[in-house]
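Coordinate analysis (summary)
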Amino acid sequence: MLILDGNKLSTIIRKEISDKVRTFCKTDIRPPHLAAVLIGENPASQAYVRNKIKACEEVGFASTLIKKPESTTEEEVIKIINKLNLDKEIDGFIVQLPLPRHIDEMKVNLAINPEKDVDGFHPNNFGRMALGIPAFHPATPSGIMMLLDRYKINTDGKNCVVLGRSNIVGTPISILMSKKTTPGNATVTIAHSRTSNLKEICANADIIIAALGIPNFVKSDMVKNNAVIIDVGINKIDDHDSSKKYRLVGDVDFENVKHKVSAITPVPGGVGPMTITALLDNTWKAYSKTIK
Ligand code: GUN
């Protein structure tokens, strides 16, 4: 069984990015600059954004964090976006999701200049991705594709079951996995909360990509021998033995599933760091205008 180590691979890819920054950004050329907009006090969002900013520093990017209270109005968020759209010093920016309930996520996505949309959530980028033409791809699916690519996982003609149909992960990864690309070329099934015969569908999968947000949902009897498991879940569960009183687990029952499979991502240390690495890669592309 192979552990698909997102930390180790991220270190390699981030070194490649920082080498490019060092080579390209000689004395008077400014480095790539990512901005992140964080609205409200969601602790998970705060942690994710902190990690994104820290990763920028590590590779030599400039970064700006725009932090606003929960009470910020939709109009105020759009104003911030319009300013970032026009700011020549900013190559790309993200608005961390979820947003407070009074703010319409789609309106926010639509306001972002697609050329700075390093999250790949704007319909221009999402549609271009679906059509297979150059675009920013959403970071988590893009990170998964990098992981499959660098570990040389064969996806060609395989049965791939995606659990979850969110705009951030399930839907875009199902599109990417079905494209005539490597990795890709898979036969994709999207399963979700209304899917019947889920156990049989999963048990027939060569590749399972779990993005449901339900701790330990994928059990060993749902998994075929030698399957490849990509676990996108990051769930906090109580753990009284830990000093933090919680621990992070994925959507897959890792301890019982790992013995059966040919490859699996751990949580933490699998897809999570790859998501941030893919965001850095998108920011480099926005900066160098080498979007492919
Ligand atoms: N919330 C969860 N994942 C993401 C992501 O990839 N980008 C943004 N902006 N928000 C998120």
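See the structure printed just above.
As a starting point, this report considers the structure included with it. (Residues numbered from 1 in each chain as written. Predicted model: local features only at pLDDT ≥ 70, side-chain atom pairs only at ≥ 80, totals over all residues. Heavy atoms only, no water.)

1. Some thoughts on the pattern of salt bridges
Put simply, the rule reads: Between Lys or Arg on one side and Asp or Glu on the other, a salt bridge is scored when a side-chain nitrogen of the former is within 4 Å of a carboxyl oxygen of the latter. Each helix is a run of DSSP H or I of at least 4 residues and each strand a run of E of at least 2, with the numbering of both proceeding from the N terminus. Partly exposed residues are those whose accessible area sits between 20% and 50% of the maximum for their type, while under 20% is buried and over 50% is exposed, using a 1.4 Å probe and protein chains only.
Taken as a whole, this structure holds 12 salt bridges when the rule is applied. When the shortest N-O distance is used, the salt bridge between Arg150 and Glu16 registers 2.9 Å. Residue Arg150 is found in helix 6 (residues 139-150), and its partner Glu16 is found in helix 1 (residues 6-24); the two are separated by 134 residues along the sequence. Judged by relative accessible area, Glu16 falls into the partly exposed class, the value being 34%. Of the charged contacts in the structure, one is a salt bridge between Asp19 and Arg22, with a shortest N-O distance of 3.3 Å.

2. Structural notes on helix 1
Heads up, the condition is: Here the expected length of a helix is defined as 1.5 Å per residue gap, with one fewer gap than residues. The directions from the helix axis to the C-beta atoms form the arc being described. In the analysis that follows, any N or O atom pair within 3.5 Å is treated as a polar contact, provided that within protein one partner can donate a hydrogen and the other can accept it, and provided that, for residues neighboring in sequence, both atoms belong to side chains.
With 19 residues, helix 1 should cover 27 Å at 1.5 Å per step; its first-to-last C-alpha distance of 26 Å lies within 8% of that length. Residues of helix 1 that are buried: Gly6, Leu9, Ser10, Ile13, Arg14, Ile17, Ser18 and Val21. With its buried residues spanning 165 degrees around the axis, helix 1 presents them on a single face. In helix 1, the exposed positions that point more than 90 degrees away from the buried face belong to Lys8, Thr11, Arg22 and Thr23. Two or three places before Asn7, at the start of helix 1, stands the capping residue Asp5, its side-chain oxygen 3.0 Å from that residue's backbone nitrogen.

3. Some words on the site of the ligand
What counts is decided by this rule: To be near a molecule or strand, a residue needs just one of its heavy atoms within 4 Å of it. Each residue receives one of three labels: charged for Asp, Glu, Lys and Arg, nonpolar for Ala, Val, Leu, Ile, Met, Phe, Trp, Tyr, Cys and Pro, and polar for the others, Gly being one of them.
If you check the shell around the ligand, you find Lys52, Val95, Gln96, Leu97, Asp119, Phe121 and Ile168 and nothing else. Separating a nitrogen atom of the ligand from a side-chain N or O atom of Gln96 is a distance of 3.3 Å. Separating a nitrogen atom of the ligand from a backbone N or O atom of Leu97 is a distance of 2.9 Å. Class assignment for the residues of the shell around the ligand results in 4 nonpolar, 1 polar and 2 charged.

4. A look at the packing of helix 6 against helix 7 (residues 170-178)
Rules: For helices, the fitted axis covers only the stretch in contact; all axes are lines through C-alpha atoms, and the angles between them, taken along N-to-C directions, range from 0 to 180 degrees. A crossing counts as left-handed when the near helix is turned anticlockwise from the far one by less than a right angle, and as right-handed when that turn is clockwise. Contacts were defined at the residue level, with two residues in contact if any of their heavy atoms lie within 4.5 Å.
Look at helix 6 against helix 7: their axes get within 9 Å of each other, and the N-to-C directions meet at 35 degrees. The handedness of the crossing between helix 6 and helix 7 comes out as right-handed. Between helix 6, through Pro141, Ile144, Met145 and Leu148, and helix 7, the contact on the second element is made entirely by Pro172, Ile173, Leu176 and Met177. When the residues that make up the contact of helix 6 with helix 7 are grouped by side-chain class, the tally is 8 nonpolar, no polar and no charged.

5. As for a nonpolar patch on the surface
For clarity, the cut-off: Residues form patches when they are more than 30% accessible in relative terms and have no salt bridge. Like charges link within 9 Å. Nonpolar side chains (Val, Leu, Ile, Met, Phe, Trp, Tyr) link within 5 Å. Residue-level accessible areas treat just the shown protein chains as cover; the underlying method is Shrake-Rupley with a 1.4 Å probe.
Where nonpolar side chains cluster on the molecular surface, the patch consists of Tyr48, Ile234 and Leu248 and spans about 220 Å² of accessible area. Within the secondary structure layout, Tyr48 lies in helix 2 (residues 43-59).

6. Description of the packing of aromatic side chains
Note the threshold: In summary, the pairing rule links any two rings of Phe, Tyr or Trp, Trp by its six-membered ring, whose centres are within 6.5 Å, and it sorts them by plane angle into stacked for under 30 degrees, edge-to-face for over 60 and tilted for everything else.
This structure, assessed with the given rule, holds 3 aromatic pairs. An angle of 85 degrees between the planes, with centres 6.0 Å apart, marks the rings of Phe24 and Trp284 as edge-to-face. Here Phe24 is found in helix 1, whereas its partner Trp284 is found in helix 10 (residues 271-288), with 260 residues between them in sequence. Among the residues examined, Phe24 registers a relative accessible area of 45% and is labelled partly exposed. Residues Phe24 and Tyr287 carry aromatic rings whose centres are separated by 5.9 Å and whose planes lie at 80 degrees to one another, so their mutual orientation is edge-to-face. Remark: Tyr287 occurs in helix 10 and Phe24 occurs in helix 1; sequence separation between them is 263 residues. For Tyr287, a relative accessible area of 12% corresponds to the buried category.

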